[in-house]
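Observations on the model geometry
These are the residues of each chain, in order.
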Amino acid sequence: MILDLDIGNTLSKWRLKDVASSEIRSRGAVWTREEWRPGSDIPDLDVVSAVRISSVARQKVLQETVELLRHEVGLVHVARPVRESLGVVNGYDEPGRLGVDRWLGALASYQLAGACCTVDCGSAITIDFVLPGGRHLGGYILPGLRLMKESLKLGTRNVAIDPDSEADELLAPGRNTVEAVNHGIYMAAVSAVNRIYGEVCDREGVALPLLLTGGDARVVSRGIRVPHALWPDMVYGGLEACFPQTAAERAGRLSGAPQIPAPVSLEKIRASLAFSMLL
Ligand SMILES: Nc1ncnc2c1ncn2[C@@H]1O[C@H](COP(=O)(O)OP(=O)(O)OP(=O)(O)O)[C@@H](O)[C@H]1O
Ligand SMILES: CC(C)(CO)[C@@H](O)C(=O)NCCC(=O)O
Ligand SMILES: [K+]
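Report follows, based on the coordinates. Remember, predicted model here, so these are calculated numbers, not experimental data.

Right, let's get into the packing of aromatic side chains. If you walk through the whole model with that rule in mind, you get 1 aromatic pair. Ring geometry for phenylalanine 129 and tyrosine 140: centres 6.3 Å apart, planes at 80°, overall edge-to-face. One end of the pair, phenylalanine 129, is in strand S9 (residues 124-130); the other, tyrosine 140, is in strand S10 (residues 136-143), with 11 residues separating them in the sequence. According to the relative accessible area criterion, tyrosine 140 is partly exposed, its value standing at 34%.

Its place among the elements puts alanine 217 in helix H6 (residues 217-221). Other than its neighbours up to four places away in sequence, alanine 217 contacts Cys121, Leu212 and Leu230.

Counting across every chain of the model gives 1 cavity of 30 Å³ or more. As for the largest cavity, its lining consists of Asp101, Arg102, Gly105, Ala106, Thr118, Asp120, Thr126, Asp128 and Met234. Looking at the lining of the largest cavity, the element that brings in the most residues is helix H2 (residues 100-113), giving 4 residues. When the residues that make up the lining of the largest cavity are grouped by side-chain class, the tally is 2 nonpolar, 3 polar and 4 charged.

Judged by nonpolar contacts, the single largest core of 35 residues is most densely connected at Val119, Ile127, Leu145, Tyr197, Leu208 and Leu210. Among the elements of the structure, strand S8 (116-121), S9, helix H3 (145-152), helix H4 (167-170), helix H5 (177-204), strand S11 (210-213), H6 and helix H9 (266-278) are those that each provide at least two residues to this core. Once residues within four sequence positions are removed from consideration, valine 119 is found in contact with Ile125, Thr126, Ile127, Val193, Leu210, Leu211, Leu212 and Thr213. Among the nonpolar cores identified, the runner-up in size contains 19 residues, and Val48, Leu62, Val73 and Val78 belong to it.

Neighbouring ligand 2 are Asn9, Val56, Tyr92, Arg97, Leu98, Gly99, Asp101, Arg102, Thr126 and Ile141. Tyrosine 92 has a polar side-chain atom sitting 2.6 Å from an oxygen atom of ligand 2. Side-chain polar atom of aspartate 101 to an oxygen atom of ligand 2: 2.6 Å apart, as the coordinates give it. The fraction of the free accessible surface of ligand 2 (380 Å²) that becomes covered by protein chains is 73%.

Cut-offs used in this document
Residues numbered from 1 in each chain as written. Chains lettered and ligands numbered in written order. Predicted model: local features only at pLDDT ≥ 70, side-chain atom pairs only at ≥ 80, totals over all residues. Heavy atoms only, no water. Phe/Tyr/Trp six-rings, centres within 6.5 Å; stacked < 30°, edge-to-face > 60°. Helix = DSSP H or I, 4+ residues; strand = E, 2+ residues; numbered from the N terminus. Buried < 20%, exposed > 50% of the residue type's maximum accessible area, 1.4 Å probe, protein only. Contact = heavy atoms within 4.5 Å. 1 Å grid on protein atoms, 1.4 Å probe; cavity = no way out; pocket = protein on both sides within 12 Å on 5 of 7 lines; lining within 4 Å. Points joined across faces, edges and corners; volume = space filled by probe spheres on them. Nonpolar A, V, L, I, M, F, W, Y, C, P; charged D, E, K, R; others polar. Core = buried A, V, L, I, M, F, W, Y, C linked by side-chain atoms within 4.5 Å. Near = heavy atom within 4 Å. Polar contact = N/O pair within 3.5 Å; in protein donor to acceptor, adjacent residues only side chain to side chain. Areas by Shrake-Rupley, 256 points an atom, 1.4 Å probe, with all protein chains shown as cover.

These values are about where atoms sit, not about what they do.
Structure, rendered in structure tokens:
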């Protein structure tokens, strides 16, 4: 089995993938601030022959995790943001400073779609762009839905946005504090994604495929007006692309990769941008 780890600021997600069949056997998540020790909600390391890690947590968390795993598993790959990989050129002035989750998401999406706007809706919402040809432009970092809510300190932090709500409801004026906060932060997140996508496509003169991932991707997706794909395993896809282990991975097939809908035309993107600028 391959153990893939996506260590985020809030949650550390893991999955076990079968080397022979390339199937995902199990998944889970633990709080990142809690110590990462094999136990009830962590897979049995006896069956693991290789580990692949993406981590944006404190250096110490990664160090301890790697140390622990090196005792049990022969092969431990840790992904790093670099200047160029798999045809993508990192847009950061200091490439090593780009969050590795953003980098892996961009690599995976570029491999799948040939160019991309990737949106990761986690603790932070990150938006990254890769042009056809592989130039990564850099991107945007905003607070995620939960962070925005917590920063308000209005006693609403424990009332999550119902991920099954319709966007229309979530965009309506709130009639109590919880609603006003939830609808406010939802509006902030989806308007930012819609606007940034339109602005960058306009600047660069290209309608880019749009891909979403992260814990809040489903609910954010409902407020996105243009065609896009959800890819919960986007960061894992980057790990597969960087450190292929199975036959399918070596052939460039990334697990759980979605169908990519054709983006709307650049003319439409520009028209809607011009309209929103009037308001
Ligand atoms: N069980 C859960 N625990 C915490 N957050 C959850 C949970 N399920 C969904 N979420 C939502 O997911 C978001 C966290 O996103 P994600 O699962 O991508 O983890 P993350 O660790 O925050 O990622 P990263 O730090 O890499 O951005 C939160 O804003 C929250 O609203
Ligand atoms: C922005 C987050 C926290 C999103 O997980 C992560 O990608 C990160 O820590 N990035 C480093 C800073 C940067 O990407 O510029
Ligand atoms: K993430």
